[in-house]
Amino acid sequence: MVLDQFSLRGKTALVIGAAGAVGRAAAVALAEAGADVAVATTTRAAKEEVAANSCANEVWALDRKGFAASIDAASEADVQSLVERAAAELGRLDVLVNAHDLPFAKPIQEVSPDEWRRVMDVNLTGVFLACRAAAAPMLSQGSGRIINIVSLLAERGMVNGSALCAAQAGVMNLTRALALEWARSGITVNAVGAGWTEGMGILADEDSRRKLDRYLPGKRLARPEEIAGIVVYMASDAAEYLTGQVVWIEGGALSHV
Amino acid sequence: MGVLDKLRLDGKVAVVTGAGRGLGRAMALALAEAGCDIVAAARTRSQIDETAGLVRDGGRRCLVVPTDITDPASVAAMVESAIAEFGRIDILLNNAGGATEGMGKPVEEITDQEWHTGIDTNLSGTFYCCRAAIPHMLRQGGGKIINVTSGFGLRGGRDNFMYTSSKAGLINFTRSLAMTYAERNIQANLIAPGLFPHDNPAMVEWWRGGKFVPMGRLGRDEELGPLCVFLASDLSSYMNGDILALEGGGLAGGHAPTGFAPVVPLEADARRGEA
């Protein structure tokens, strides 16, 4: 039965960046589809910890196993022990979702090298660290699904977005290179290109938000759960032959000139 | 409603062109399994009759309409009979295509006839089907259009002109559909299948079993089923004008045809380290 192929029952997932709107929706959707789901923050900020805990509560409310961890996604030690804990507590690691979301916006002449490095360390190096840590359990299982979530900044430029644009474009092509490297090991690596979504970190400004509502082809932003559907497909047995792809879920925003 | 329930297509009607065999049949059957009634359109009656039998075995209704998608009148008649039978069209899967006439020729040898046949089959056919079906989707308050492109719609091919041009044309045609109808709740997206031999041993041989594909194998027709259901369902409600390529990783590298990508030699790095 075709719909059964989407079920994630018996699978386990780790979502990093689950305090953000998109990461949280992905974690909940994976749990709804039947997976046990561990979640982690992008940084150790207190409000992220609260959000990650509340995300874990939603996972438990669905009768799935899981835990919430407060980590700095740029820390090699944090990421390594997080992945080991997820594999140990959930029994295996089938799905890794990298939804790292450290927002940052500044004119480039005002960006200090330390700020630039921090954006790269979290949003790009953090994804590398997580993929590298997940390689051990996934390669030994002979299967795995890595799903990196980027935004339109990976593909199009944005004023004051130079650091984020560079980091996310990096994640996008890291996805393709890793997909090739692991193509014969049973691990698929794909990216989701999320369009402008309610609750996104870089959408603090009300004026931009109103303009997007007016100019987007469908005249509305995405709801976070609308980004999560493709994550479930990518994580499932149905997507065994899908690898190295960046799939955009952006309401047609990339269709216009 | 759980995330998996959003995949259900109960009570919906899908028009599938090229439904008589291969990917078209596999996707029609997957849509039917997810709950759709099917309008199976293709040139060859005997093949769509077979597809229809399989759809009906699964408990869904199926209307068989022999159709030449390169003929606007034939397409219009097909859509009219779909509406007469089911009253609505929720999903239009423009899968029919192909046309090998003139393939393998350099540009200076391609005849006018070969050019027009290639473009008509792959590009104009999809236009005719959209033109006929969209008014019904608008009347109903929305719909899903799924067009089938190819890796050759994104990249060129030696001695491959009508196919690459028409498949690339479909990508931008679909983006314009997305721009035009997003506010009226029609989502239009593309599937780009990689190398699918449809159980044909000659094709398996021709593609050498997929050994150049990064994943090391060719695609299986039934793998397109869930992808097509995803694109036809509420789960893809914000995906519009976009491509989902199912092809085992070829496009991620693709430094040479069929997805071959050279491996960066490790010793080169070692030499740089010493310098």
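This text goes with the structure placed above it.
All values derive from a computational prediction rather than experimental measurement.

(A) Quick look at the interface of chain B and chain A. Contact residues are listed per partner, giving 50 residues for chain B and 43 residues for chain A. Counting the contacts that link chain B with chain A gives 3 salt bridges. Among the ionic pairs, E240(A) bridges to R217(B), the shortest N-O distance being 2.8 Å. At the surface where chain B touches chain A, the tally comes to 17 residue pairs in polar contact (both at pLDDT 80 or more). For the side of chain B that touches chain A, the elements supplying multiple residues, two or more each, are helix 1 (22-33), helix 6 (162-181), helix 8 (224-232) and strand 7 (243-246) of chain B.

(B) Inspection of the state of the cysteines at higher detail. Residue and element names in this part refer to chain B. Scanning all chains against the criterion turns up 0 disulfides over all chains. Cysteine C228 remains unbridged, with the sulfur of C36 as its closest cysteine sulfur at 8.4 Å. For C228, a relative accessible area of 0% translates into the label buried.

(C) Looking closely at the sheet that holds strand 3 (residues 68-69) of chain A. Residue and element names in this part refer to chain A. Spatial strand order, 3-2-1-4-5-6-7: 7 strands in an open sheet with parallel pairing. Unpaired on one side and paired on the other, strand 3 and strand 7 (246-249) mark the two borders of the sheet. In terms of strand pairing, strand 2 (residues 36-40) meets strand 3 through 2 bridges, oriented parallel. Of the residues in strand 3, the one forming a bridge with V39 is A68. Against the sheet, helix 3 (residues 76-90) engages strand 1 (12-16), strand 2 and strand 3, with an angle of about 155 degrees to strand 1.

(D) Local environment of the pairing of strand 2 of chain A. All names here are of chain A. The element strand 2 is extensively covered by neighbouring structure, given that 5 of its 5 residues are classed as buried. Side chains D36, A38 and A40 of strand 2 all project onto a buried face; the interleaved residues V37 and V39 project onto the opposite face, where all are buried too. The sheet contact formed by strand 1 and strand 2 spans 5 bridges and is parallel. When the sheet's bridge partners are listed, L14 is paired in strand 2 with A38. Each parallel crossover has a hand, and for strand 2 linked through helix 2 (residues 46-61) to strand 3 it is right-handed.

(E) Representation of the packing of aromatic side chains. Tallied over the entire structure, the rule returns 6 aromatic pairs over all chains. With a centroid separation of 5.9 Å and 45 degrees between ring planes, the pair formed by F6(A) and Y233(A) is classed as tilted. Taken together, the residues F6(A) in the segment before strand 1 and Y233(A) in helix 7 (residues 224-235) connect sequence positions 227 residues apart. Grouping residues by exposure puts F6(A) and Y233(A) together as buried. Taking the centre distance of 5.5 Å and the plane angle of 50 degrees together, the rings of F127(B) and Y128(B) count as tilted. By the ring-pair criterion, three or more aromatic residues cluster together here, those being F6(A), Y233(A) and F230(B). Stacked on the ring of F67(A), the Lys or Arg R85(A) has its end atom at 3.7 Å from the ring centre. For R214(A), the ring lying beneath its charged end belongs to Y215(A), and the centroid distance is 5.4 Å.

(F) Looking closely at the nonpolar core. Judged by nonpolar contacts, the single largest core of 143 residues is most densely connected at L30(A), V37(A), I230(A), Y233(A), L31(B), I38(B) and L244(B). Looking at which element gives the most residues to this core, the answer is helix 4 (residues 113-141) of chain A, with 10 residues. Look past the residues within four positions of L244(B) in its chain and what remains in contact with it is I230(A), Y233(A), L242(A), V247(A), L190(B), I191(B), A192(B), L227(B), F230(B), L231(B) and M239(B). Ranked by size, the runner-up nonpolar core spans 28 residues in total, among them V13(B), V15(B), I134(B) and A188(B).

(G) Summary view of the packing of helix 3 of chain A against helix 4 of chain A. Residue and element names in this part refer to chain A. Close contact between helix 3 and helix 4 brings their axes to 9 Å; oriented N to C, the two are set at 35 degrees. Crossing handedness for the pair helix 3 and helix 4: right-handed. Only L129, A130, R132, A133, A134 and P137 of helix 4 make contact with helix 3, whose side of the interface consists of E76, V79, Q80, V83 and A87.

(H) Layout of the environment of A134(A). In this structure, A134(A) sits in helix 4. Apart from the residues lying within four places of it in its own chain, the contact partners of A134(A) are V83(A), L93(A) and L96(A).

(I) Spotlight on the pairing of strand 4 (residues 95-98) of chain A. Residues and elements named next belong to chain A. Residues V95 and V97 line one face of strand 4 and the alternating positions L96 and N98 line the opposite face, and both faces are buried. Sheet topology places strand 4 next to strand 5 (residues 144-151); 4 bridges connect them, and they run parallel. Within strand 5, the position partnered with V95 by the bridge is R145. Taken together, strand 4, helix 4 and strand 5 form a β-α-β motif whose crossover is right-handed.

Cut-offs used in this document
Residues numbered from 1 in each chain as written. Chains lettered and ligands numbered in written order. Predicted model: local features only at pLDDT ≥ 70, side-chain atom pairs only at ≥ 80, totals over all residues. Heavy atoms only, no water. Contact = heavy atoms within 4.5 Å. Salt bridge = Lys/Arg side-chain N within 4 Å of Asp/Glu carboxyl O. Polar contact = N/O pair within 3.5 Å; in protein donor to acceptor, adjacent residues only side chain to side chain. Helix = DSSP H or I, 4+ residues; strand = E, 2+ residues; numbered from the N terminus. Disulfide = S-S within 2.5 Å. Buried < 20%, exposed > 50% of the residue type's maximum accessible area, 1.4 Å probe, protein only. Pairing = 2+ DSSP bridges. Axes fitted to C-alpha atoms, helices over the stretch in contact; angles between N-to-C directions. Right-handed = clockwise from strand over helix to strand, strands pointing away. Phe/Tyr/Trp six-rings, centres within 6.5 Å; stacked < 30°, edge-to-face > 60°. Lys NZ or Arg CZ within 6 Å of the ring centre and 35° of its normal. Core = buried A, V, L, I, M, F, W, Y, C linked by side-chain atoms within 4.5 Å. Left-handed = near helix turned anticlockwise from the far one by under 90°.

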